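Fold and geometry: a report
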Amino acid sequence: MTFSRKPLTMLLLSLLLLAHLPSNIEAFSSPYSLSRRRTLCSPSTIHVATLENVAEEAPAESPFLPTASAADGVLLLEPLSQHVNSIITSSESLFTSITDVTTNAIQSRSFDKDAIINYSVFIITIAIVLEHIFSVDIGITRGFTPIEIAERIALDNWHSYTHILSTAPIQTKAVTSATVYTIGDIIAQRQQGTEVGKLDRWRIVRSLAAGGIGHGPMSHLWYHLSEDFFENVLHLHAWWSFLPKIAVDQLVFGPIWNNSYILLLGAMQLQKPEQIWEDMKRTTIPLMVSGLKLWPFVHCITYGLIPVENRLLWVDAVEILWVTILAGEASGDSDKDVDVGAEALVAVETNDGSLR
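No experiment lies behind these values; they were computed from the predicted model shown.

Thresholds applied
Sequence order as written defines the numbering, with residues in each chain counted from 1. Given that the model is predicted, a residue must reach a pLDDT of at least 70 before its local features are reported, and side-chain atom pairs must reach 80 or more before they are shown or counted; all residues, however, enter totals for whole chains, interfaces and linings. Excluded from the side-chain calculation are hydrogens and water; included are all heavy atoms of the structure. Put simply, DSSP marks the helices as runs of H or I at least four residues long and the strands as runs of E at least two long, and each gets a number from the N terminus on. Remark: exposure states derive from per-residue accessible area (1.4 Å probe, protein chains only) relative to the maximum for the residue type, with buried under 20%, exposed over 50%, and partly exposed in between. Contacts are assigned to residue pairs that have any heavy atoms within 4.5 Å of one another. Accessibility throughout is a Shrake-Rupley quantity obtained with a 1.4 Å probe, and a residue counts as covered only by protein chains that appear here. Lining residues are defined by having an atom within 4 Å of a point belonging to a cavity or pocket. Those points lie on a 1 Å grid over the protein atoms alone, cavities being sets where a 1.4 Å probe fits but cannot get out and pockets being open sets with protein on both sides within 12 Å along at least five of seven lines. Grid points are joined across faces, edges and corners, and a volume is the space filled by probe spheres set on the points. Basically, the charged four are Asp, Glu, Lys and Arg, the nonpolar ten are Ala, Val, Leu, Ile, Met, Phe, Trp, Tyr, Cys and Pro, and anything else, Gly included, counts as polar. For this analysis, a polar contact is any N or O atom pair within 3.5 Å, provided that within protein one partner can donate a hydrogen and the other can accept it, and provided that sequence-adjacent residues contribute only side-chain to side-chain pairs. Only Phe, Tyr and Trp rings are paired, with Trp represented by its six-membered ring, and only when their centres lie within 6.5 Å; those with planes under 30 degrees apart are stacked, over 60 edge-to-face, the remainder tilted. The predictor rates its confidence in each residue with pLDDT, a number between 0 and 100. The residues that make up patches have over 30% relative accessible area and no salt bridge, and they are joined within 9 Å when like-charged or within 5 Å when they are Val, Leu, Ile, Met, Phe, Trp or Tyr. Within this document, salt bridges are pairs made up of a side-chain nitrogen of Lys or Arg and a carboxyl oxygen of Asp or Glu, the two lying within 4 Å of each other. Residues grouped as a nonpolar core are buried Ala, Val, Leu, Ile, Met, Phe, Trp, Tyr and Cys residues, joined through side-chain atoms within 4.5 Å.

1. Considering the overall build of the chain
Within the chain, the secondary structure is distributed over 11 helices and two strands. Moving toward the C terminus, one meets the helices and strands of the chain in the order α-β-β-α-α-α-α-α-α-α-α-α-α. Counting all 356 residues of the chain, 33% fall into the buried class. For the chain, contacts bridging at least 24 residues in sequence account for 65% of all contacts bridging at least 6. Carbon and sulfur atoms provide 66% of the accessible area of the chain, an area that totals close to 22200 Å².

Shown next as structure tokens:
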């Protein structure tokens, strides 16, 4: 059953007025007979009061005291009307105040649309990845202990990855590098003090495209060409053969990829060819030098222990850590001039985790 709001409002107003009226209007028929006692009623309580006390405590200009203009017990309605109007005005003021407070509270806690979008994308992506990881063995782990389930999940996900890698190597490595470059760019922006709601989504998309279009396929070709050259052309099979591979990687593939990265970003930003070329010339040597801080040591494992098909995965995993370190250093150094492009994550002088 539903009730209309208007009758309920009128009922509450009537009760409020009754709280201020005497129970018997006869009290006002004789202005000076104040010795009689009357019962004053209110919606919540019933109390007995002496009209003498009411007269003593009431203000001199109280609208409920009879005046000389009251004749034959007829009260003036004007004071009562004024009192009713004052009650209505007070109610309207209270309602307005509540409305203003509510509006201000909503405005003060206004939602950040960009933050909601970014968090939603992160949560959905993480949920999809976790669902895929933990559902790899669904239906075949009945009776397994938690340790056995954890072992099977890790091993079976690895077997699933290697199977996909063997059937579609270039596509798999493209997705791997795109994922790593996306994570790296987000880490770099966060390390530089950017809030989640202020993250540059187009910059993240450009980094994702550069990793997927450039780094993944190019690294796949490079590692296979390098291995074939040293194994089948130079016939280097000694334990120290990884050392010349590292040297060639740093002197040949490093500059090629760094400049390709700058070219891709410049093209996606619609930069002029002259500007892209100037960035390439200005950054080639500094990036090679800064890359020597880490990559020769990493590539001792890359070319010495890791199989050819898994080298990109290893390098990409290290790049995430490298981006985090460099972005943290760059964010604390305000004197360094970063002008390779927004997606160059850190500075030319400090290198870029994705520019190896």
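This is not the end of the story, as more comes after the structure.
2. Points about the layout of surface pockets
The computed volume of the largest pocket comes to approximately 1100 Å³. Lining the largest pocket are 33 residues; nearest its centre among them are T125, V129, V175, T179 and I183. At the level of secondary structure, the elements contributing two or more residues to the lining of the largest pocket comprise α4 (113-134), α5 (146-167), α6 (169-191), α7 (201-233) and α11 (311-331). In terms of residue count, the dominant contributor to the lining of the largest pocket is α6 (10 residues). Residues of the lining of the largest pocket, tallied by class, amount to 21 nonpolar, 10 polar and two charged.

3. Observations concerning the side chain of D279
Topologically, D279 is positioned in helix α9 (residues 273-291). The class of D279 is buried, set by a relative accessible area of 6%. There is a polar contact of 3.1 Å between the side chain of D279 and the side chain of R282.

4. So, the packing of aromatic side chains
For any two aromatic rings, the description comes down to two numbers: the centre-to-centre distance and the angle of the planes. Evaluation of the coordinates by the stated rule reveals seven aromatic pairs. An aromatic cluster is present here, built from Y181, W257 and Y261 joined pairwise through their rings.

5. Structural notes on the confidence of the model for the chain
Across the chain, the average pLDDT comes to 73, with 60% of residues at 70 or higher. Contacts from residues 22-76, a stretch scored under 50 in pLDDT, to residues over four places away or in other chains number 51 contacts. In this model, residues 333-356 is a region of pLDDT below 50 whose contacts with residues beyond four sequence positions or in other chains number 79 contacts.

6. Concerning a nonpolar patch on the surface
A cluster of nonpolar side chains, contributed by I126, L130 and F134, occupies part of the molecular surface with about 310 Å² of accessible area. Note on placement: L130 falls in helix α4.

7. Examining the nonpolar core
Formed by 20 residues in total, the largest nonpolar core has its most connected members in Y223, Y261, L294, W295 and Y303. Per element, the largest residue contribution to this core is six residues, and it comes from helix α8 (residues 242-268).

8. Focus on unusual backbone geometry
Notably, H235 is not glycine yet its phi reads approximately 55°, a positive angle. In this fold, H235 is placed in the loop between α7 and α8. For H235, a relative accessible area of 52% translates into the label exposed. Residues other than glycine seldom take positive phi values, yet L270 does so here, at roughly 60°. Take L270: it is sitting in the loop between α8 and α9. A residue is classified by how much of its surface remains accessible, and L270, at 76% relative accessible area, is exposed.

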